[in-house]
Amino acid sequence: YQSLFLTSDGWATGTAVQQIADKGIPLEKIVVGKPVTPGDAANTGYVAPDALAGIFSEARQSGAPWQTTVGGVMTWQFKSDTNGDWIQRMLKVLPPGTI
């Protein structure tokens, strides 16, 4: 939750949702993107679906502005979600229209 929504550093410095919003980008235009499988991430960035769902749940419960206004979540290598488990897991924790 901390590095995805509040502050990020290292190779992804400045890419947390709040850091992007602080630069003037409206929250409804910010979309969190993650690979479906570890094999879809060339070096890093993979978050297991249950862990990612937990991060979004924590963000929604935090009372912070992004709980209802973040643009959504997306994946790359959508074809890797062969049985739809990834997208179904995200649908359970995100507001309608954010996927």
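Since we're looking at a predicted model, the values are computed, not measured.

Asks: I'd like a description of the environment of Val 17, backed by residues and values.
Replies: Mapped onto the elements, Val 17 comes out in helix 2 (residues 17-22). Judged by its relative accessible area of 2%, Val 17 falls in the buried class. Residues Val 17 and Leu 27, spaced 10 residues apart in sequence, show a C-alpha to C-alpha distance of 7.8 Å.

Asks: Just give me the short version of the nonpolar core, but keep the residues and values in it.
Replies: Membership of the largest hydrophobic core comes to 19 residues, with the highest contact counts inside it found for Leu 52, Phe 56, Val 73, Trp 86 and Met 90. Looking at this core, the elements that each hand over two or more residues are helix 2, helix 3 (49-61) and helix 5 (85-91). With 4 residues, helix 3 is the single largest residue contributor to this core.

Parameters and conventions
Residues numbered from 1 in each chain as written. Predicted model: local features only at pLDDT ≥ 70, side-chain atom pairs only at ≥ 80, totals over all residues. Heavy atoms only, no water. Helix = DSSP H or I, 4+ residues; strand = E, 2+ residues; numbered from the N terminus. Buried < 20%, exposed > 50% of the residue type's maximum accessible area, 1.4 Å probe, protein only. Core = buried A, V, L, I, M, F, W, Y, C linked by side-chain atoms within 4.5 Å.

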